[in-house]
Amino acid sequence: MNQICDPARHFAVQLAATPHGARRARLLAVERIASWGLATEGPDLVVAELAANAVTHGRVPGRRFRLLLTLYGGVLRIEVVDTRGDRVPGLRDPGEDGEAGRGLVLVAAIADRWGVDPGPPPCKVVWAELDAAGRPARRDVEGRDPVRVDVKS
Ligand SMILES: Nc1ncnc2c1ncn2[C@@H]1O[C@H](COP(=O)(O)OP(=O)(O)O)[C@@H](O)[C@H]1O
Ligand SMILES: [Mg+2]
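## Some thoughts on the overall build of the protein
Next, step 1: The secondary structure content of the protein amounts to three helices and five strands.
Next, step 2: In sequence order, the protein lays out its α and β elements as β-α-α-β-β-α-β-β.
Next, step 3: Within the protein, residue pairs in contact and separated by at least 24 positions form 60% of the contacts whose partners lie at least 6 positions apart.
Next, step 4: Of the roughly 9,200 Å² of accessible surface on the protein, 53% is carried by carbon and sulfur atoms.

## Side note on the sheet that holds strand S5 (residues 124-130)
Next, step 1: Read across the open sheet, the five strands follow the order S1-S2-S3-S5-S4; overall the sheet is antiparallel. Each end of this open sheet is capped by a strand with a single partner; those strands are strand S1 (10-15) and strand S4 (113-118). Across the sheet, the axes of successive neighbouring strands diverge by a mean angle of 15 degrees, strand direction being ignored.
Next, step 2: Pairing analysis gives seven bridges linking strand S3 (residues 75-82) to S5, with the strands arranged antiparallel. Pairing of Val 81 across the sheet is with Val 125, part of S5.

## Concerning the site of ligand 1
Next, step 1: Ligand 1 sits among 14 residues. The nearest are His 57, Asp 82, Gly 101, Leu 104 and Lys 124.
Next, step 2: A distance of 2.9 Å separates an oxygen atom of ligand 1 from a polar atom in the backbone of Leu 104.
Next, step 3: Computed on the free molecule, ligand 1 has an accessible area of 530 Å², of which 85% lies beneath the protein chains in the complex.
Next, step 4: Partitioning the shell around ligand 1 into residue classes produces three nonpolar, six polar and five charged.

Cut-offs used in this document
Residues numbered from 1 in each chain as written. Chains lettered and ligands numbered in written order. Predicted model: local features only at pLDDT ≥ 70, side-chain atom pairs only at ≥ 80, totals over all residues. Heavy atoms only, no water. Helix = DSSP H or I, 4+ residues; strand = E, 2+ residues; numbered from the N terminus. Contact = heavy atoms within 4.5 Å. Areas by Shrake-Rupley, 256 points an atom, 1.4 Å probe, with all protein chains shown as cover. Pairing = 2+ DSSP bridges. Axes fitted to C-alpha atoms, helices over the stretch in contact; angles between N-to-C directions. Near = heavy atom within 4 Å. Polar contact = N/O pair within 3.5 Å; in protein donor to acceptor, adjacent residues only side chain to side chain. Nonpolar A, V, L, I, M, F, W, Y, C, P; charged D, E, K, R; others polar.

In structure tokens:
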């Protein structure tokens, strides 16, 4: 079976385009990524920033946004789909003061790649991929510590 179709490695959820929905996106992502045995630090911030953007800049009242997570070939791909396909995000100069404009700078710093693709109208997909996140954080599927090396005597 193609791994991308494996429900254990693919997660999708629709959420309200509200601050509560954005918080849920982060919580659900952390839960799922941890269940895949991966480190959640890093991916959690990416999801938080992309979801926050979806519910502020990408929001259409009454329309929900989607979070998709895929682990394929050791790469964790995070996709946030919102319904403002007519508005495209771009890096801003955060400047010296204030918090605004730091979200995508953070995403670009954490992710190995990120971008925006047109989705089925009226949607767009803001995505980020993390290569290192594909490495086990704690234990492999057989419960072994991945950093331990068995030396035969
Ligand atoms: N999902 C989105 N839809 C439309 N515009 C977006 C989206 N995400 C980000 N943007 C645009 O890109 C800019 C930079 O985003 P970001 O770095 O997260 O800064 P901030 O959210 O603090 O403004 C935003 O100010 C907004 O204009
Ligand atoms: Mg933002």
